[in-house]
Amino acid sequence: MKQSKTAILAVLSLVVIASLMVAGCTNTGETPGETTLTVFTAASLTGAFTDIARAYEAENPGIKVDLVFDGSQTLRTQIEQGANADIFVSASTKHMQALQAAGFMDNDTVVNFVGNSMALIVPIDNPAKITGLADLAKPGVKIVIGTKDVPFGDYTRQVLDKLAADPAYGEAYREAVMNNVISEETAVSNVVPKLALGEADAAFVYKSDVSKEDLTKVTRIDIPEEYNVMATYPLGILADSAHKAEAKSFVEFIRGPVGSSILQDYGFDPLPAGS
């Protein structure tokens, strides 16, 4: 009788184990036959790439586009540390070139696909009465910029360098502006909310970061061309991507008529092939 109970318990244990194995095999969280593309994307492209991904998925029902947004520097670091991605979309050629040099990218797929420029934004009620670049040097003005390691922070400093080189502004102007900086952000998507909440008087952002919805919260002030910086955005397929054919298809869609139209709607300047 004792052996019989032992045998029954052994059989029951095998049944439970078998059930768990079946559950583990079938409950993957993925739809059978569906391919998921993981796209590491610069935060300044959040709106545009969300719309592009939706449009692409509508035309390609077997493919899901998983967008991961953050600063280009952060995304580059994650890739260097082994994060799994199929495509990297950077707001800076510097970070893309670093990954290319280290062998992380399929270099033949890397292209510059879009341009962007800098702008100044102020809250809609503009409490500091800022009407142009000169006002940023006034004592007490609260300014938000990007950290020097993220593209929009680097481009902001390039704009200030150009202004400093002009005797009409000079080195003292750049120093006064930097002294007024109260926050340095790692992603441009964090900036508009700070101004909308009244935490700052002005910020340097990409022109494309000011959406139609944002214009109810902030006002965009264009930076004259002689002081502005044109940012070049590259994208490419990771060398270790397991879905290179699908990734190539998505890249072609981004650069095609639909993707280019969406990028233009968000204030970007699509670059022709070969740029």
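See the structure printed just above.
Rules used throughout
- Residues numbered from 1 in each chain as written.
- Predicted model: local features only at pLDDT ≥ 70, side-chain atom pairs only at ≥ 80, totals over all residues.
- Heavy atoms only, no water.
- 1 Å grid on protein atoms, 1.4 Å probe; cavity = no way out; pocket = protein on both sides within 12 Å on 5 of 7 lines; lining within 4 Å.
- Points joined across faces, edges and corners; volume = space filled by probe spheres on them.
- Helix = DSSP H or I, 4+ residues; strand = E, 2+ residues; numbered from the N terminus.
- Nonpolar A, V, L, I, M, F, W, Y, C, P; charged D, E, K, R; others polar.
- Phe/Tyr/Trp six-rings, centres within 6.5 Å; stacked < 30°, edge-to-face > 60°.
- Buried < 20%, exposed > 50% of the residue type's maximum accessible area, 1.4 Å probe, protein only.
- Pairing = 2+ DSSP bridges.
- Right-handed = clockwise from strand over helix to strand, strands pointing away.

Trainee: Is there a simple way to explain the layout of surface pockets in this structure?
Mentor: Within this model, the largest pocket holds a volume of roughly 490 Å³. In terms of lining, the largest pocket is formed by 23 residues, of which the most central are Ser-208, Asp-209, Ser-211, Asp-214 and Tyr-266. When residues of the lining of the largest pocket are assigned to their parent elements, the largest contribution, 3 residues, is made by helix 2 (residues 46-59). Across the lining of the largest pocket, the residue classes break down as 9 nonpolar, 7 polar and 7 charged.

Trainee: Looking at this structure, I do not really get the packing of aromatic side chains. What am I missing?
Mentor: Aromatic ring pairs: the centre-centre distance and the angle between the two ring planes describe each pair. Applying the stated rule across the entire model yields 9 aromatic pairs. Measuring from centroid to centroid gives 5.0 Å for Tyr-56 and Phe-250, while their planes differ by 65°, and the two rings are edge-to-face. On the criterion of sequence distance, the pair formed by Tyr-56 in helix 2 and Phe-250 in helix 8 (residues 244-255) is long-range, its members being 194 residues apart. Neither residue differs from the other here; Tyr-56 and Phe-250 are each classed as buried. Measuring from centroid to centroid gives 4.9 Å for Tyr-169 and Tyr-173, while their planes differ by 65°, and the two rings are edge-to-face. Following the ring pairs from residue to residue traces out a cluster consisting of Phe-152, Tyr-155, Tyr-206, Tyr-233 and Phe-268.

Trainee: Can you help me understand empty space enclosed by the protein in this one?
Mentor: Over the atoms a probe the size of a water molecule is rolled, and this reveals where empty space is left. Across all of its chains, the model carries 1 cavity of 30 Å³ or more by this definition. Within the lining of the largest cavity, the residues separate by chemical class into 9 nonpolar, 4 polar and 1 charged.

Trainee: Help me understand the pairing of strand 2 (residues 63-70), please; the structure alone is not making it clear to me.
Mentor: On any regular strand, side chains alternate: one points to one face of the sheet, the next to the other face. When strand 1 (residues 35-42) meets strand 2, the two strands line up parallel, connected through 8 bridges. Opposite Val-39, over in strand 2, you have Leu-67 as the bridge partner. In terms of handedness, the path from strand 1 via helix 2 over to strand 2 forms a crossover that is right-handed.

Purely spatial values, then, with no claim about function.
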